[in-house]
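Residue-level listing of the chains:
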Amino acid sequence: MHALKKHRPLRRVMLAAATTVTGFVLLLSLKPHTPPTVAQASSSAGQSPSRSQASQAPSGTPSPKSTKSAGTKTVTGDTVQTRWGPVQVRITLKNGKITDVTAVSYPSDNPRDQEINSYALPQLRREALAAQSASIDSVSGASYTSDGYKQSLQSALDSAGL
């Protein structure tokens, strides 16, 4: 019998071990599509109100589209549907200048939405106040929220006559 045609059990053992290790690595690298319920409940404690709570008016009164008091005018923009949820902005004007911008409704259903909006919304607010218009830059990593924010801001400005 030729020396190269011998049975090689060590080669088969090494191949089986490598296949098993590869299978375990692939199995452990899989992640669930949705976080566990317990993780969602504990991570949302103390966070900002959800979009449905934020857009409700106090005790049964309908939320006004626009309110006016002593030279200060508050206007709520249209609700813009984005891929991750609705975005709505309310602006406060004094003497034709934007003095405050508040995100009334925004995606906050899961921890990732909350993380993204915790840094995106303050940045969008700062830019809107500085620009005094809806011509603001999008926030990297929050493109859909940024686009919805700008559209709602523009509709509020249009309603205010600016």
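Residues numbered from 1 in each chain as written. Predicted model: local features only at pLDDT ≥ 70, side-chain atom pairs only at ≥ 80, totals over all residues. Heavy atoms only, no water.

Participant: Would you mind going over the overall build of the protein chain with me for this structure?
Facilitator: For the protein chain, the helix and strand inventory stands at five helices and five strands. Taking all contacts inside the protein chain whose residues are at least 6 apart in sequence as the whole, residues at least 24 apart take part in 46%. (Helix = DSSP H or I, 4+ residues; strand = E, 2+ residues; numbered from the N terminus. Contact = heavy atoms within 4.5 Å.)

Participant: Is there a simple way to think about a nonpolar patch on the surface in this case?
Facilitator: Where nonpolar side chains cluster on the molecular surface, the patch consists of Leu10, Val13 and Met14 and spans about 330 Å² of accessible area. Structurally, the position occupied by Val13 is in helix H1 (residues 9–29). We classify Val13 as exposed; its relative accessible area is 52%. (Patch = residues over 30% accessible without salt bridge, like charges linked within 9 Å, V, L, I, M, F, W, Y side chains within 5 Å. Areas by Shrake-Rupley, 256 points an atom, 1.4 Å probe, with all protein chains shown as cover. Salt bridge = Lys/Arg side-chain N within 4 Å of Asp/Glu carboxyl O. Buried < 20%, exposed > 50% of the residue type's maximum accessible area, 1.4 Å probe, protein only.)

Participant: Which parts of the structure should I look at to understand the confidence of the model for the protein chain?
Facilitator: Reading predicted coordinates in detail is not appropriate for stretches of low pLDDT. When pLDDT is averaged across the protein chain, the result is 75; 71% of the residues are at 70 or more. Within the protein chain, the lowest mean pLDDT, 38, falls on helix H2 (residues 37–43), and the highest, 89, falls on strand E4 (residues 85–94). Throughout residues 35–64 the model reports pLDDT below 50, and contacts reaching past four residues in sequence, or to other chains, amount to 25 contacts. (pLDDT = per-residue confidence, 0-100.)

Participant: Explanation requested: the pairing of E4 in the structure shown.
Facilitator: Looking down a regular strand, the side chains alternate between one sheet face and the other. By the criterion of burial, E4 is predominantly enclosed, with eight of the ten residues buried. Two elements, strand E2 (residues 72–76) and E4, share five bridges in a ladder whose sense is antiparallel. Bridging across to E4, Thr74 finds its partner in Thr92. Here three bridges tie strand E3 (residues 80–82) to E4, and the two strands are oriented antiparallel to one another. Bridging across to E4, Val80 finds its partner in Val87. The turn linking E3 back onto E4 is made up of two residues. Here E4 pairs with strand E5 (residues 97–105) via seven bridges, running antiparallel. Along E5, the bridge assignment pairs Arg90 with Thr102. Adjacent in sequence and paired antiparallel, E4 and E5 are bridged by two residues, among which Asn95 carries a positive phi angle near 55 degrees. (Pairing = 2+ DSSP bridges.)

Participant: Looking at this structure, how should I read the nonpolar core?
Facilitator: Nonpolar side chains in soluble globular proteins tend to end up buried together. In this structure, Ile91, Val101, Tyr149 and Leu153 are the most contacted members of the largest nonpolar core, which totals 23 residues. Of all the secondary-structure elements, those providing two or more residues to this core are E4, E5, helix H4 (111–131) and helix H5 (143–160). When residues no more than four places from it in sequence are discounted, the contact partners of Val101 are Val89, Arg90, Ile91, Arg125, Ala128, Leu129, Tyr149 and Leu153. (Core = buried A, V, L, I, M, F, W, Y, C linked by side-chain atoms within 4.5 Å.)

Participant: Could you clarify how one ought to interpret the pattern of salt bridges in this entry?
Facilitator: Pairing between side chains becomes possible if they bear opposite charge and their charged atoms approach one another. By the definition in use, this model includes two salt bridges. For the salt bridge of Asp100 with Arg125, the shortest nitrogen-to-oxygen distance reads 2.8 Å. Highlighted residues: Asp100 in strand E5 and Arg125 in helix H4, separated in sequence by 25 residues. Judged by relative accessible area, Asp100 falls into the partly exposed class, the value being 25%. When its relative accessible area of 31% is taken as the criterion, Arg125 is described as partly exposed. A salt bridge links Arg112 to Glu115, with the nearest nitrogen and oxygen atoms 3.2 Å apart. Taken together, the residues Arg112 and Glu115, both in helix H4 and three residues apart, mark about one turn of the helix.

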